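# Descriptive analysis of the structure
For reference, the chains in residue letters:
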Amino acid sequence: REVAFTACVPQTREQKYTVTKYTQVPEEKVVTTTVCVPVTVQKPVTVRTCHVVAKTITVPADSCGAGACGGCAPCATGCSACGG
């Protein structure tokens, strides 16, 4: 008796296809930024200052010492303000 069956026969096939490969490539990039940097500067500033200034003044003296006989010193003889 004969029996029909299917047998797998190996075959060699070649097929061409496109392959895409991704590779990381370093890229240089320049970034410009603005930053605030503390800087020491000198500026003219108006400042009020007080100075002690020597000043000579002339004070008229009474004819008989201090206070025309009402002061510390007694009147001298012949004082016209107190008659002494």
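In case you missed it, the structure is sitting above this.
These lines cover the structure that appears in this document, whether it is placed above or below. (Residues numbered from 1 in each chain as written. Predicted model: local features only at pLDDT ≥ 70, side-chain atom pairs only at ≥ 80, totals over all residues. Heavy atoms only, no water.)

Let us now look at the overall build of the protein chain. Each helix and strand in the protein chain was counted, giving zero helices and zero strands. Relative to its 84 residues, the protein chain shows a buried fraction of 2%. Surface summary for the protein chain: the accessible area is close to 9,900 Å², and the carbon and sulfur share equals 55%. (Helix = DSSP H or I, 4+ residues; strand = E, 2+ residues; numbered from the N terminus. Buried < 20%, exposed > 50% of the residue type's maximum accessible area, 1.4 Å probe, protein only. Areas by Shrake-Rupley, 256 points an atom, 1.4 Å probe, with all protein chains shown as cover.)

A surface patch of nonpolar side chains, about 420 Å² in accessible area, is lined by V35, V37, V39 and V41. A relative accessible area of 62% places V39 in the exposed class. (Patch = residues over 30% accessible without salt bridge, like charges linked within 9 Å, V, L, I, M, F, W, Y side chains within 5 Å. Salt bridge = Lys/Arg side-chain N within 4 Å of Asp/Glu carboxyl O.)

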